[in-house]
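Geometric and topological summary
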Amino acid sequence: MPDDRFLASIPTFSQFEGVADVRNYRPLPEDWALATTDIVGSTQAIDRGRYKAVNMAGASMISALLNALGRRDLPFVFGGDGAVVAVPGRLRNIAVTALAATQTWVADELDLTMRAAIVPIGDIRARGLDVRVAMFNASPGVSYAMFTGGGASWAEAEMKAGRYVVPAAPGGTRPDLTGLSCRWDPIQATRGEIVSIIAVPVSGTATAAFQQLVTDVLAIAGQQHRGGHPVSVEALHIRFPPSGIDAEARALAPAGRRLFAKIPILLQTAALNFSRATGLGLGRFNGRHYVEEVTANSDFRKFDDGLKLTLDLDAAAVDGIEQRLKQAEAEGVARYGLHRQDSALMTCLVASPLQGDHMHFIDGAAGGYAMAASNLKAKAVAAA
């Protein structure tokens, strides 16, 4: 099937509770592959207070691949310290080049080490696993991909084991990271805590019991205002100059040209804050409308062979969700990791602020998904 026809055929749903229902998913074509990355030593980087850089590195792979491949409709999932992108087989060589350049940029500019791999879908299915994809319609302008079937998790494990590896490009090589930004201030919890949650089925696939767990967790979160959504118009702020200006300038330009890259960032930030404060439009841009779109487009819920949530919850909701997760773990239905912090981080892909398809990735500001995954892994090791 031609790529465009397959992408148009991916099921789309608007009720997030459908993420654990395998009937909502479609298998990736046999000749496609998964591009996957993560940051080596992300836990240690977090301990040094560098999680904003870790998030920037994680999102950089998505930006680099979508720009290199010339399309924004490929399925992907952002995981905090890494990401997964589904790539058509005919574009594999371009993807390899972009991944190699991104690893080098992460090392040169962020002083972090990125692993990268491209794993063929055929090899995943040969292991008895699959990669099935669906699209969750988060807002009128943005849909986010969800993956199930166990294949994405296996691909990540193969990468960490040193297989299917994409080597880094020579020093100084730069990917095209146009649109990648991290200007927003940390988003403070308003209900109690920002909680990052990962729950994965023990069997590797979403059983009926795991689907019920997802339903129950989302029902508890649903009792909170806006379902625990951590991003609101009131909570979004960009100081002047923005705290992420140096990282964004590093993404846009090499050393010696970053001052020129910072000028439009400063002008855009000033324009956003002015328009938002006054309500006045600047041409076709209106700051208040843009902030409303940012809130609606935020990726705070996802499914990537398991449930991943970053929520703003009060103490009773956190306790209720954790008790339900503990019950599922005791029953052999799921394994989980959970991490609490007082704020969330936002990393963005913005092709144009005048279009409604800008994407915003949400994670906990003090480790988020990386620490939740570490907690999950530690429990698995202890139980072995």
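Shown above is the structure to which this text applies.
These numbers come from a predicted model, not from an experiment.

1. Structural notes on the overall build of the chain
From N to C terminus, the chain includes twelve helices and 17 strands. For 384 residues, the compact-globule estimate of 2.2 N^0.38 gives 21 Å, and the C-alpha radius of gyration of the chain, at 20 Å, lies within 12% of that figure. With the C-alpha coordinates aligned to their principal axes, the bounding extent of the chain is approximately 55 × 50 × 40 Å. Put simply, the chain has 384 residues, and 54% of those count as buried.

2. Overview of helix H9 (residues 258–278)
Taking 1.5 Å of rise per residue, 21 residues should cover 30 Å, and H9 covers 30 Å from first to last C-alpha, within 8% of that figure. For H9, the full list of buried residues reads Arg258, Ala261, Ile265, Thr269, Leu272, Ser275 and Arg276. Angularly, the buried residues of H9 cover 140° about the axis, an arc narrow enough to put them on a single face. Those residues of H9 that are exposed and aimed more than 90 degrees away from the buried face are Leu259, Phe260, Leu267 and Ala277. Buried residues along H9 sit in contact with helix H4 (92–110), helix H8 (245–252) and helix H10 (287–297). A positive backbone phi angle near 80° is found at Gly279, which sits one or two residues after H9.

3. Examining the layout of surface pockets
Any empty space left between atoms is shown by rolling a water-sized probe over those atoms. Here the largest pocket is characterised by a volume of approximately 1,100 Å³. Along its surface, the largest pocket is lined by 43 residues, and Ser153, Glu156, Lys160, Lys308 and Ala373 are the ones closest to its centre. Mapped by element, the contributors of at least two residues to the lining of the largest pocket are strand E3 (33–40), helix H2 (42–47), strand E4 (76–78), strand E5 (82–87), helix H6 (151–160), strand E11 (193–201) and helix H12 (368–383). If you tally residues by element for the lining of the largest pocket, the top one is H12, at seven residues. Residues that form the lining of the largest pocket fall into these classes: 19 nonpolar, 14 polar and ten charged. Reported here for the second largest pocket is a volume of approximately 480 Å³. In terms of lining residues, the second largest pocket is bounded by 25 residues, among which Arg183, Glu248, Gln268, Val350 and Pro353 are the most central. Considering every element that reaches the lining of the second largest pocket, the biggest residue donor is H9, with seven residues.

4. Details of the pattern of salt bridges
For the coordinates displayed, the defined rule picks out 24 salt bridges. Here Arg163 and Glu158 are joined by a salt bridge, their closest N and O atoms 2.7 Å apart. Under the relative-accessibility criterion, Arg163 is labelled partly exposed at 42%. Each of Asp38, Arg115, Glu156 and Lys160 takes part in salt bridges that share partners, so that together they form one network.

Conventions adopted
Residues numbered from 1 in each chain as written. Predicted model: local features only at pLDDT ≥ 70, side-chain atom pairs only at ≥ 80, totals over all residues. Heavy atoms only, no water. Helix = DSSP H or I, 4+ residues; strand = E, 2+ residues; numbered from the N terminus. Rg over C-alpha atoms; globule rule 2.2 N^0.38 Å. Buried < 20%, exposed > 50% of the residue type's maximum accessible area, 1.4 Å probe, protein only. Expected span 1.5 Å × (residues − 1). Arc of directions from axis to C-beta. Contact = heavy atoms within 4.5 Å. 1 Å grid on protein atoms, 1.4 Å probe; cavity = no way out; pocket = protein on both sides within 12 Å on 5 of 7 lines; lining within 4 Å. Points joined across faces, edges and corners; volume = space filled by probe spheres on them. Nonpolar A, V, L, I, M, F, W, Y, C, P; charged D, E, K, R; others polar. Salt bridge = Lys/Arg side-chain N within 4 Å of Asp/Glu carboxyl O.

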